[in-house]
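In case you want the letters, here they are:
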Amino acid sequence: MQSLCRTFGSIRLYSKQARVENLHPEGALVARTLSTPLAVRRRREKKFLFAAPPPGETDARHGLTPTDKNAYWRRRKAGHLGAGRSAPLSMTKWVEQRNARRSRLRGVRLAANKQGQKETQVIGQPIYLPNITFRLVRNYTPPGEPYNPYEATFRVPHSVTKTDIRSYLLAVYGVKTTYIRTDNYFAPEPNNPRDEKKSYKSYKRAVVGLVDPFYYPHRVEDMAEKERAEYDEWLETNFQIKQHRIARKVELLRLTKDVSLKAPYATKRSHILRLVAERKQKREGLVSQIADEWKDMREKGEEIAWGENPLQRSSTEDAVKETSS
């Protein structure tokens, strides 16, 4: 034993730094790297002197990004990680504590009641029946690249913060998040207020990193012909969409079968042209009839009363007859 100690006395046979295992799946780390803002990438390239990794790879080593490693060693050298302990915290423990604090459920705490038992208490004023809407949309995927299942995109109101999004997803759905990127979209203002305003929507987009993968349901347009037929068959078996459409048409016909769509309530082009032709023929016949009457009166020497309009009188009498009938 002494000889072994003399032989390997100057050689360290153990690792000084504890091994750090990945805290998140590889896909989640890749998604976090792809969603890194451009300013953060340039700052890392300038500070750590390494280029961004190629697409499909992550810049995290053992689950820690360069920024995480720098923050850990900065706090360790400052003595903030070893206060009151025999040895400083390892990277794994430090990251676990930091992630637990970041992903904690805000607005609640454990406190002792009057009986001395610990219970969950709500801090602040609870909100019942909130009127906020979280709308899940498809991720933006560039052409030729696969869909990223470790990322989800939501459209939320402008007043919702990242803390609200993280707490809402964890408390309501039990979804754990790794990062949240938000950006606001506002409706454009028209140059001329008199111009007709188009309908634009204002919303906040939230890109959320997921610990567990989530595959958005495929659109029918993206499916193959066989998959589309199977999907339509599944929809028809479970929801009877075509049967509902046929039943709706049958009910509409049943309600409208006794309604007369004849003139003057017709709206088809053929009905309108027929009504116009009938009125024109009726008017021309009335004009020729009055002209014959005046001709007979002139031949007999009778006086024609010019103050009365026979066309107006005849049309009024016809309108009265149609109304009474």
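Model, not experiment: these values are computed from the prediction.

On to the overall build of the protein chain. Of the regular secondary structure elements, the protein chain holds 10 helices and six strands. Within the protein chain, residue pairs in contact and separated by at least 24 positions form 54% of the contacts whose partners lie at least 6 positions apart.

Counted by the stated rule, this structure contains two salt bridges. Across the pair Arg205 and Asp183 runs a salt bridge, and its minimum N-O distance is 2.8 Å. Of the two residues, Arg205 sits in strand E6 (residues 203–210) while Asp183 sits in strand E5 (residues 177–185), which places them 22 residues apart along the sequence. Arg254 is the salt-bridge partner of Glu251, the closest N and O atoms lying 2.4 Å from each other. Of the two residues, Glu251 and Arg254 are both situated in helix H8 (residues 241–256); the distance of three residues between them amounts to about one turn of the helix. Judged by its relative accessible area of 35%, Glu251 falls in the partly exposed class. Using a relative accessible area of 46% as the deciding quantity, one classes Arg254 as partly exposed.

A few words on the pairing of strand E1 (residues 108–112). In the sheet, E1 pairs with strand E2 (residues 118–122) via five bridges, with the strands oriented antiparallel. The residue bridging Ala112 from the neighbouring strand is Lys118, located in E2. Connecting the antiparallel pair E1 and E2 is a turn made up of five residues, with Gly116 showing a positive phi of about 90°.

Where like charges cluster on the molecular surface, the negative patch consists of Asp292, Glu293, Asp296 and Glu299. Looking at the element boundaries, Asp292 is found in helix H9 (residues 269–300).

Let us look at the pairing of strand E4 (residues 151–156). Burial analysis of E4 places five of its six residues in the buried class, which makes it a mostly covered element. Relative to E4, strand E3 (residues 135–137) runs antiparallel, the two sharing three bridges. Across the sheet, Arg135 pairs through a bridge with Arg155, a residue of E4. Here E4 runs beside E6; their pairing, made up of six bridges, is antiparallel. Note on E6: the bridge partner recorded for Val156 is Lys204.

What follows covers a nonpolar patch on the surface. A grouping of Leu105, Val108 and Val122 is seen on the molecular surface, where their side chains present a nonpolar patch of about 220 Å² in accessible area. Mapped onto the fold, Val122 is located in strand E2.

The subject of this paragraph is the environment of Ser202. Relative to the elements of secondary structure, Ser202 occurs in the loop between E5 and E6. Taking the C-alpha atoms as reference, Ser202 lies 4.5 Å from Phe186; in sequence the two are 16 residues apart. Setting aside anything within four residues of it in sequence, one finds Ser202 in contact with His158, Tyr185, Phe186 and Ala187.

Basis of the calculations
Residues numbered from 1 in each chain as written. Predicted model: local features only at pLDDT ≥ 70, side-chain atom pairs only at ≥ 80, totals over all residues. Heavy atoms only, no water. Helix = DSSP H or I, 4+ residues; strand = E, 2+ residues; numbered from the N terminus. Contact = heavy atoms within 4.5 Å. Salt bridge = Lys/Arg side-chain N within 4 Å of Asp/Glu carboxyl O. Buried < 20%, exposed > 50% of the residue type's maximum accessible area, 1.4 Å probe, protein only. Pairing = 2+ DSSP bridges. Patch = residues over 30% accessible without salt bridge, like charges linked within 9 Å, V, L, I, M, F, W, Y side chains within 5 Å. Areas by Shrake-Rupley, 256 points an atom, 1.4 Å probe, with all protein chains shown as cover. Lys, Arg positive; Asp, Glu negative; His and termini not counted. Charge placed at Lys NZ, Arg CZ, Asp CG, Glu CD.

By themselves, these are just geometric observations and shouldn't be taken as functional.
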